[in-house]
Every structure is written in C-alpha cells, then in structure tokens.
Amino acid sequence: MFLLWVPVSLFLSFIVSQTWSVQLSWENWNAELRNRGNDFEKPSSSQPHIVFILVDDQGFRDVGYHGSEIKTPTLDRLAAQGVKLENYYVQPLCSPSRSQLMTGRYQIHTGLQHSIIRATQPNCLPLENVTLPLKLRQAGYSTHMVGKWHLGFYKRGCMPTQRGFDTFFGSLLGSGDYYSHYKCEGPGMCGYDLYEGEEAAWEQDRGMYSTMMFTRKAINILANHNPRAQPLFLYLAYQAVHSPLQVPARYLERYKGIPNVHRRKYAAMVSCLDEAIHNLTLALKRYGYYDNTVIVYSSDNGGQPLAGGSNWPLRGSKATYWEGGIRAVGFVHSPLLVNKGTKCRSLVHITDWFPTLVTLGEGTLDEDLNLDGYDVWEAISEGRPSPRQDILHNIDPIYIKAKNGSWKAGYGLWNTAIQAALRVGHWKLLTGVPGYSDWVPPQTFSNQQIVNRWHNERVRWDRGKSIWLFNITADPYERVDLSQRYPHIVKKMLMRLAQYNKTAVPVRYPAKDLRSNPQYNGGVWGPWYKDEKEEQQVDERYDNLFTNHLGKRSQAMTSDRSGTDSTFTTTFVLKAYADMKMAFSILNPCKSGAASAGAASSAEEGLNKNKARPPSPLTSVSLPGGGDVEAHVSDPVGVDVPQLDLHLLFNLVSTVGRVTA
C-alpha cells in the first residue's frame, strides 16, 4: 500500500488497480508532469538509481522492434530512446543466467555448470561468492528484490535477504502458478511459493496475477523510498513469460487473429508484461527517480517454441547453445546515456553487469572477486569498443555425451563428446550435444496447414557431428558449418576451451533430498537444512542414540546367535531400522520454524500402517486462472520414510557391520 502523503487526486491517478483498469497514456502523463512539476529536488548524490528488469523466457523475436507480431509499445519506446544491445548474450537456462548476473562469474567457476537448481536439491549459489546487491549495499545503496529468485533456498543462508538484498518479495522456485503461487515438483511434492523476506507471504496474497503483483510491489518500494537520501537498486525479476501460459482474459482479446493457442496466450502475456513496464516507468518519473536512473532490461534465456516463444530467425531454443538459446533481448534506457537512440553491436554478456553496475554505483571491485565480466558502460553509453573479446558460454562435463565425439575428433586437444560452447571474436565453436537444433519460422504458429513447412528447416545432416564452427558475424543464423574449412581456427578454440577447463571447479548437482517436501514445512517451499552447528548437534544426537541402542540390542541377542550370523544380521537390521524410524518420528529432523502439525505424525503412527495418516496440506488446489498445477498425491510409503536421512542409515549399517564382525 502506498503512503498517503501525496494529494489524493494524484495518488488515485497513478495507483494500479488489480484489474489495471486505470491506465495513463504517455502523452497525458507527460502533460501532467509539466503541469504538476517534479515533487522532488534533483538528487544530490552522483550515484544513479539502478533498476534491473529480468524477464523469463522471452524469445529473441518476441519484442516489437525485432519484427514480432506481438505489440510491445513500451519496450519499443524505451529501447529506441536508449541503447539496444544487439550482440548481447545470456545463458540458455534460468539459474545459470541468474547466477552469472549475481556474481559476474562463469558457471564453471561457481560449480553450477549443469542444468538448473531444482527445488528438491540441497544446492544454491555458493555462499563464498560475493553478490551484486552486496557490493552495491557496501557502496551505500538500498537494495530490493521483487520476483523470481531461482538460486536455491535449502538453508537460510541461501535466501535473497542473506545474499545482499535488504528486502525480498517473490518466489524461490523456477516456475509456478501465476495466481495461486503453488508449484508441484511431482506427486506428493507440492507447495506454496510466495515470500516476504524469509517467511511465507500468506497475508499479502490476494490471488493476484504475478506480473501485476510484482509490479505493484516494485512501485510500492519506489513510493516509500526517498530518492534524494539514498541511491536505490531494484532487481525486478518477473515470472513472465515462463510457462504455465496464464494471463488475464482481457489481454487475449487483441490476439484473436493468432490461431495457435500457445502463441496467442504467450503474446498476451508479453503484452501484460509490456504494460507492467509502462506503469513502472511512470512510477520512476512520478516519484523523482527517473532523471538519475539506469534501467537495464534483459531476458534470462531464449524462448521456448513449444510454449509459444519465438527466436526466429535464430537457430535453436531455450536450453540450447545455439544462438536462439543464448542471444537475448536486451537494452539500456537512461537519461544518463551519452549516445541515446543507438545500437550497441559490441559483445556484451550477462556477467558484465556485475562490474558495470558496481563501477557505475561507485563501488569497489576487489581483485579476489575473480570476475569473468567486464565493465562495458563506455561501450554501451558512448559507443566505444568493448573490452570483451570472447565468451565462454559453458562447459558441462556431465551433460549427455555426443555418441560420435572423441579426443581424435578434437585433434587430441579436447574430447568433443563433452558439451561446450565458446565465442572468440567473430567465431563460435560448439562441441558435444548443443541441444535442439532446428529453426522454427513464424509460420509455425499460424495454423496447422502450413506447420509442415517447418520441416523444410529441420537439420538432418549434422546428427552424427560433435563439433561445429560458425562465423557469427557473417552467419548469425548458424547455417554454414566451417569446421572442416578452417581446422586451424578449430584447434585454436579447442585449446582455449582446454585452458578454461583447467580453471573449472567441480560440478554442484546434488541428488534430490526428500526432506525438501513442503508437507514438512507447513505446505510451503522453503529452507529445510539447519545451520552447520545445529546440523552437527543433531547428527551427534542421532549417532549416540542409534549406537547406544544397537549396542544394547547386540548384547541381548548375541547369546542366542548359535552360528546363525546371516539370520541374526537380517533380524538385527530390520529391528534396528524399525527403532530408527520410531526415533525419526520423535525427533522429526525435517521440521523447521513454520512446520505444520498436519505434516507430522507420532512415532506410533509412523510405524503402524493400519492407522489413518494425517491429511495432506495440499489435497486439492483451486486455480483461478485455469492453471495446471498438479494435485497433491499422498506418498504411499508413509510419512516417516521420506524423513530418512541416508547418512544416518549408513551409520546404522556401519554399526551393524562392527557388531556382527
């Protein structure tokens, strides 16, 4: 809720209602600004306010100024009045792009080389990495995050407010229902995912569409901060336009002419997003930020054609290392730019925002940060040459290996079975399995009759390949492989890959942890690990409990063994296992802070399968927008079994081994 310190007539004209029925045109807004005047004096600080807008899964073609049928008047205007980044790269998936934005470091240097951070994994952006908001806060900024985190949350130290943000309002996972804010990761793994700070935001949830809700929250932050007193960093990470494809019905009206239902919904979601940026920009002007603000707009990866996105004429899609997966929509808009209304064709990567924004905010960049990003502000603002000459798109040593890849194919310098991608100057090299490699032309979304024309674009000649070379400047659509024509270039780039690989840290991709289940946390996705000291204390309690118990059990049973070692061992383990389950039900290590009584059972209930189990907190989910969230399915094994900690079971088996030796 806004602070009621402005005249009521002005307040009502700028507040965004839940239906957003009140809209101001740019012309009316500018006229009112001229008549009303600025409510604030110009800020005395030379540090600019920074608003970083990260959108989710917006395809390269899915903006008006790239020739899309989707109407994006606000984005088109902001880009036209700022600097369009037309040689701008991100990562092919959510978590990798976000991790590199937050740290200024490649994935190979944070251990996040493979896939994304999943909700059930005990994994997050490594805590030893200094983050962008932390550096800006050290420089005097007030730091706020609204929207999607997707950098892990298995323990409190991973949460946004522990990583440099003063406030956080948004979701922790990679996707979810736009209205109910629930997310299912599989049968029996459903939970609520909306946070205010480090607690579930039940009281603030009104079932509002997330694009509107996040914009309201961002505007509220602007309204309650004094731009003259302290510079502000606002990281607004929209859920849109990631699947599920949900949008208020009124935005669909303008796209009735698109017969493909996925494309139609996707287009409507982009239009809603465009309107949100419009309202945010009005708020920046209304509350006195605009003249001293740098707005950065970026997609986190390429579009997903199966979910309505389009990267045409680029090759590939989200989750691939073809241009369609990593070349992003991006621009900078600010009155502080020297050369407005221009295009920046210098190489820019998402890691560059860390040093660029910290330097712009008059922060310090210590040498021990080991950044992979460059300060590219002068390249963007003044059109000077970019200090960046290459990009390591990634090296993923555990991704599916190319069947025909080998050290021989890599001239003994590199195993081409490994997925990797590197850009040096005009050249781009890919090895391994880069991912889905088709071009998906616009007519794919037109109607069923001409979908078959898509097949004319499909690639069949490179199925047995494991290495590609393209001149991206001359061939941005990656149609002509030059790896056979220029083997000397291939060798040089393979050597560069090998050099990068020497600096890589081990991959962090832990197995699923059943304790992450929201039913053990009050029906909410949230941290389930305790801090290190508490974990050690709990482990010691369990070890002592089981060791003492098993020691007594072994003494009682040894006299009756009579040489039947195998029978004794089997009986011993089964009985000890039952006792261990009883102890787990009593101690309940999975419960934390806001754990739900409905998610816990007594020790007796945990062992007695004939007794009724407590009801699940998510036996049904009502979705206002026709969302497709999977209903909760009870775990047939029992509440106590998912609580089993594998390292404790290992301790048990080890103890049994010592007793029976």
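In the block above lies the structure referred to throughout.
My aim in this report is to walk through the structure given alongside it, one point at a time. Note that this is a predicted model, so its numbers are computed, not measured.

Each value, and the rule that gives it
- Within each chain, residues carry numbers counting from 1 in the order of the written sequence.
- Confidence filtering applies because this is a predicted model: local features only for residues at pLDDT of at least 70, side-chain atom pairs given and counted only at 80 or more, and all residues used for totals across whole chains, interfaces and linings.
- The side-chain figures draw on all heavy atoms in the structure; neither hydrogens nor water molecules are used.
- For salt bridges, the criterion is a side-chain nitrogen of Lys or Arg within 4 Å of an Asp or Glu carboxyl oxygen.
- Note on exposure labels: buried denotes an accessible area under 20% of the residue type's maximum, exposed denotes more than 50%, and partly exposed covers the range between, all computed with a 1.4 Å probe on protein chains only.
- A run of H or I in DSSP counts as a helix once it spans at least four residues, and a run of E counts as a strand once it spans at least two, with each numbered from the N terminus.
- Here, two residues are considered to be in contact whenever any of their heavy atoms come within 4.5 Å of each other.
- We call Phe, Tyr and Trp rings a pair once their centres come within 6.5 Å, taking the six-membered ring for Trp, and we label the pair stacked below 30 degrees between planes, edge-to-face above 60, and tilted otherwise.
- Only strands that DSSP links by at least two bridges are regarded as paired with each other.
- Comment: axis = line fitted to C-alpha atoms, over the contacting stretch for helices; angle = value between 0 and 180 degrees taken between N-to-C directions.

## A short note on the pattern of salt bridges
Logical step 1: Under the defined criterion, the tally for this structure stands at 22 salt bridges.
Logical step 2: A salt bridge links Glu378 to Arg384, with the shortest nitrogen-to-oxygen separation between them at 3.3 Å.
Logical step 3: Judged by relative accessible area, Glu378 falls into the partly exposed class, the value being 40%.
Logical step 4: Of the charged contacts, one joins Lys428 and Glu478 as a salt bridge, the two residues approaching to 2.9 Å between their closest N and O atoms. Of this pair, Lys428 sits in strand 17 (residues 427-431) while Glu478 sits in the loop between strand 18 (467-471) and helix 11 (487-502), and the two are 50 residues apart along the sequence.
Logical step 5: For Glu478, a relative accessible area of 0% corresponds to the buried category.
Logical step 6: Residues participating in the shared-partner salt-bridge network are Asp56, Arg98, Lys148 and Asp300.

## Concerning the environment of Asp56
Logical step 1: Mapping Asp56 onto the fold places it in the loop between strand 1 (49-55) and helix 3 (73-81).
Logical step 2: Distance from Asp56 to Asn301, taken between C-alpha atoms, is 7.1 Å for residues 245 residues apart in sequence.
Logical step 3: The contact partners of Asp56, leaving out residues within four places of it in the chain, are Cys94, Arg98, Lys148, Gly174, Tyr238, Gln239, Ala240, Val241, His242 and Asp300.

## Re the packing of aromatic side chains
Logical step 1: Inspection of every chain in the model, using the stated rule, returns 20 aromatic pairs.
Logical step 2: An angle of 65° between the planes, with centres 6.1 Å apart, marks the rings of Tyr88 and Trp353 as edge-to-face. Pair noted here: Tyr88 is in strand 3 (residues 88-89) and Trp353 is in helix 9 (residues 353-360), with a separation of 265 residues, a long-range link.
Logical step 3: Given the relative accessible area of 0%, Tyr88 is considered buried.

## Focus: the sheet that holds strand 12 (residues 330-333)
Logical step 1: Pairing in this open sheet of 10 strands is mixed, and the strands run 9-8-5-4-10-1-11-12-2-13 from one edge to the other. Edge positions in the open sheet fall to strand 9 (199-200) and strand 13 (342-344), since each of these has one partner strand only.
Logical step 2: The pairing of strand 1 with strand 10 (residues 232-237) spans 5 bridges and is parallel. Paired with Phe52 across the strands is Tyr235, a residue of strand 10.
Logical step 3: Its contacts with the sheet place helix 3 against strand 2 (83-85), strand 11 (293-299) and strand 12, and it is angled at close to 65° to strand 12.

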